[in-house]
Structure formats: C-alpha cells, structure tokens
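Chain residues, written in single-letter form:
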There are 2 protein chains.
Amino acid sequence: MSAAPIDFYFDFSSPYGYVASRLAADIERSTGRALRWRPVLLGAIFKTTGQAPLTEVPLKGDYSRRDFARTARLHKVEYRHPDPFPVGTVAACRAFYALDAIDPQAARRLAEALFLAFFRDNRDISTASGVLAIAKEAHLDGEALARSIEDPAVKDRTRRAVEEAIAAGVFGSPYFIADGEPFWGVDRIPMLESWVRSGGW
Amino acid sequence: MSAAPIDFYFDFSSPYGYVASRLAADIERSTGRALRWRPVLLGAIFKTTGQAPLTEVPLKGDYSRRDFARTARLHKVEYRHPDPFPVGTVAACRAFYALDAIDPQAARRLAEALFLAFFRDNRDISTASGVLAIAKEAHLDGEALARSIEDPAVKDRTRRAVEEAIAAGVFGSPYFIADGEPFWGVDRIPMLESWVRSGGW
C-alpha cells in the first residue's frame, strides 16, 4: 500500500461508523490503500453545521433506528442497539489519540475494541473507566493510557483533530476522504472503492 | 407486475430525486414491481422535521453541490446544476396530481419531462406557465392542465398527498416504500432492489 492513505472519520457513538469500521479491512483490500483512522466528536461538528443527532430528528429518527440494524445485517455485522444511545465519546477519542501518536496500529486495535464493546456488547464507552477497562482487555497498557487521557497535550491533540476534520469538510460519520475526494456514509463505500480504483470519473 | 407497487416519493427540485427518476425503469425491471410516482413538497416536510435544504447546511452544502454531478455521472445521467436552485414545486406537484387522477402514465410522462427540463435544460419549473409550456411539449393537454391546477380539488389532492407522505414517514427525496419497508436516497436503490427480490433479510 504505497499510495496515500484514505482518511476514515467516525464517531465512536455512530452506528454507521461502527459498521464502516467492520468493513475497514475489506476497503483496504479492495482499494490497495491503508485507512487512516480519525475519530471525531459529532457533537462539536453539529455545532458548526446546526444539525442534530440522527435519532432526534422527527421521521428521520424512526427511519434510522430501523435502519441501523438492517444495514448491519446487510453487511453481516453483529449489532445490538446500545442503551443509552448516543453517548459522549470524548474519553474514547482522547484514548485513541493518546495511543495514535505512539502506535497507530494499537490505536486502531483500541478503536475496534471500543466499537465492538458498544455496538455488540452494550458496554459503557462514555467514561474514562469504561474505555480503560476495554483497553486493558485489548492488551493495551491501561495505566499509561489512564495518565495520557488526562494529559493536556492529548486533550489539545484531540481538539485539533476534530477542528482539522471540520476544516476538511467532515459533517457526518463515517466520512472518507481519498485524494481530496469526500464520501459520506456506509452507502458510499462502493462509490469510494470505485473512485479510488478508477481514479475518478 | 402483479405484486404491490413500490411508492416512489420525490421533490421536483431534488437532484437525487431526478437521478432516481432516470433509474425508475431499471428499478421496475430489476424488482418486477411498478413504481407509483408520488411528488412531495420538501419545504412542507422540512417544517415537520426541522431540517433545512441540503445546500443550506454548512459543510453538507459544499459536499452536496459536488456530489450532485458526481452521482449523476456515476449513473450516466445528464446533469446540469440549475440556477436558481432550489425552486418551489407547488405548481409542478399540482399539475402532476391533476393528471394522476385521470391517467397515471401521463402524469409520469409529465414528471419525467419536468425533471429533464429542470436538471438537464435549466428551464423554469417553478411557475404555472413554465410547467404548462413543458407539459405542452410533452403532448399533454396544456389548456385542461392550466384549468386543473387552479382547481381547489386539485390543490386539496396535492396537500393530502404531501400529508400522506409525511404520515408514511417520508423525510427526504428520493424515498421509496416497498411492502412497508422504507429506503431513503439514490444510494439505497441497490438495497431496495435486493430487499424486494429477496423478501428482506
């Protein structure tokens, strides 16, 4: 995978972001490109766009609640709608970016574990203690991580990552950017793959 | 096509609704079901959902402007972004429902002509005179249509059609309902087709 990576933006509390995370290896295989995982905070993004969480929008909320599980089934991804939902993902994001600066592969392992914990096992990922418990089970250094997520430098890095995503135009989850071309939604994964393979149309 | 038709909701000013209209015959072929064309007024729907036109949402607006033409190219549909955009489509809707009560095939012909006029030829479909000029070119009875769209019964029928769409959960364009199962967006046409052919999953 020598060409530029594809940026993969998501919120840890996004069902479609979770489904996309389960398809990440397929996307990498089919495009020959690595994904660069970039968790974001949809709450901050919605302040910029004036949008509301999907499930809070009349009509669209009903549709999306039905569609989460249906989309997961289509892609053969295990899914149990978590309760409570949605949840804050600042702690999860900080843990990710703390690790990402040192070892992106470990950060990705943590991200996969957090997604599965929330959307398959209905576990708490909204608190530092919830995130650290899951990190330990994924054989990551929980003690170091506990210190890191309180580190002002990590908080700054997380904030900057979200600001950079907004500057790049990210308004939803999942959101992919390949060679400057944006693709929003699980629905657009085939379009992303086709675009990257063909060089656009 | 003996099974129940698939409801196909759209707004005449919706780029994705237009692209879906150009794929309508393909959908009918692939599912073995007729589409029942149901134009709606997104302005009225957005009052229910609290949403704004796509192009007015920060970040999402930029994405969608880029995506309209890209999506059209993907589906080999001619597309020129109209100016002004979006436009009101009450006159177009009334003309459609005036015809639909008498001859659904003629109403569909009008709908196809209106979509092409707006999204391929950048013509005015926002006024009664614009709609009637296009209807005449499509060999429809423009004089009868001119009287009909001022008919209070047709205005009522149009209002009811939009209310029924909202009651059915329609919040965007295109929106399909097959055997009670909803599918929103051009992106979801493959999912709609797969669902109908397989009986769901």
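Look up: the structure comes first, before these words.
Residues numbered from 1 in each chain as written. Chains lettered and ligands numbered in written order. Predicted model: local features only at pLDDT ≥ 70, side-chain atom pairs only at ≥ 80, totals over all residues. Heavy atoms only, no water.

1. Some remarks on the interface of chain A and chain B
Reports often express the size of an interface as the amount of accessible area lost when the parts come together. Note the following rule: Contacts between residues were defined by any pair of non-hydrogen atoms, one from each residue, lying within 4.5 Å. For any pair of parts, buried area is found by adding up, for both, the accessible area (1.4 Å probe) each one loses once the two are put together. Only one rule defines a salt bridge in this text: a Lys or Arg side-chain nitrogen within 4 Å of an Asp or Glu carboxyl oxygen.
Contacts between the two partners involve 30 residues from chain A, matched on the other side by 30 residues from chain B. Around 3000 Å² of area is buried between chain A and chain B when both sides are counted, 56% of it from carbon and sulfur atoms. Of all residues in chain A, the largest losses of buried area upon contact with chain B belong to A:Leu59, A:Tyr63 and A:Arg70, amounting jointly to 22% of the total for that side. At the boundary of chain A and chain B, one finds eight salt bridges. Note that B:Asp187 is salt-bridged to A:Arg188, the shortest N-O span being 2.6 Å.

2. Let's talk about unusual backbone geometry
Residues and elements named next belong to chain B. The line we're drawing: Numbering of helices and strands runs from the N terminus; a helix is a DSSP stretch of H or I covering at least four residues, while a strand is a stretch of E covering at least two. Relative accessibility decides the category of a residue: with a 1.4 Å probe and only protein chains considered, values under 20% of the type maximum give buried, values over 50% give exposed, and everything between is partly exposed.
A cis amide bond links phenylalanine 85 to the next residue, proline 86, at an omega of -10°. Inspection of the secondary structure assignment puts proline 86 in the loop between helix H4 (60–74) and helix H5 (90–100). Of note, the amide linkage connecting serine 173 to proline 174 takes the cis form, showing an omega dihedral of 0°. Here proline 174 is to be found in the loop between helix H9 (152–167) and strand E3 (175–178). The phi angle at asparagine 122 is positive, at roughly 55°, despite the residue not being glycine. Topologically, asparagine 122 is positioned in the loop between helix H6 (104–119) and helix H7 (128–137). In this structure, aspartate 179 takes a positive phi of about 50° despite not being glycine. Mapped onto the elements of the fold, aspartate 179 is located in the loop between E3 and strand E4 (181–184). With a relative accessible area of 53%, aspartate 179 lands in the exposed category.

3. Observations concerning the packing of helix H1 (residues 15–22) of chain B against H6(B)
All names here are of chain B. Applied cut-off: Only the stretch in contact is used when a helix axis is fitted, and all axes are lines through C-alpha atoms; the angle between N-to-C directions ranges over 0 to 180 degrees. For classification purposes, angles smaller than 35 degrees are called roughly parallel, those larger than 145 roughly antiparallel, those between 65 and 115 roughly perpendicular, and all remaining angles oblique. By definition, turning the near helix anticlockwise from the far helix through less than a right angle yields a left-handed crossing, and turning it clockwise yields a right-handed one. Three classes are used, and their members are as follows: Ala, Val, Leu, Ile, Met, Phe, Trp, Tyr, Cys and Pro are nonpolar, Asp, Glu, Lys and Arg are charged, and the others, Gly among them, are polar.
Between H1 and H6, the shortest axis-to-axis distance is 10 Å and the interhelical angle comes to 130°. Relative to H6, the element H1 is oriented oblique. As for the relative orientation of H1 and H6, their crossing is left-handed in sense. Mapping the contact onto sequence places Pro15, Gly17, Tyr18, Ser21 and Arg22 in H1 and Glu112, Phe115, Leu116 and Phe119 in H6. Grouping the amino acids of the contact of H1 with H6 by side-chain chemistry returns five nonpolar, two polar and two charged.

4. Quick word on the pattern of salt bridges
The tally for this structure, following the rule as stated, stands at 34 salt bridges over all chains. Notably, a salt bridge pairs A:Arg66 with B:Glu181, separated by 2.9 Å at the nearest N-O pair. In this pair, A:Arg66 sits in helix H4 (residues 60–74) while B:Glu181 sits in strand E4, so the two residues belong to two different chains. A:Arg66 sits in the partly exposed class, given a relative accessible area of 41%. Take B:Glu181: its relative accessible area is 9%, and that puts it in the buried class.

5. Points about the pairing of strand E3 (residues 175–178) of chain A
Residues and elements named next belong to chain A. Our working definition: One requirement defines pairing of two strands: DSSP has to find at least two bridges between them.
Burial of E3 is two-sided: the residues Tyr175 and Ile177 facing one way and the residues Phe176 and Ala178 facing the other way are all buried. Here strand E1 (residues 6–10) runs beside E3; their pairing, made up of three bridges, is antiparallel. Considered in E3, the bridge of tyrosine 9 is made with tyrosine 175. Note: E3 against strand E4 (residues 181–184), four bridges, orientation antiparallel.

6. Describing the pairing of strand E2 (residues 35–39) of chain A
Residues and elements named next belong to chain A. Burial analysis of E2 places four of its five residues in the buried class, which makes it a mostly covered element. Examined bridge by bridge, E1 and E2 share five bridges and lie parallel to one another. By the bridge assignment, tyrosine 9 is partnered in E2 with arginine 38.

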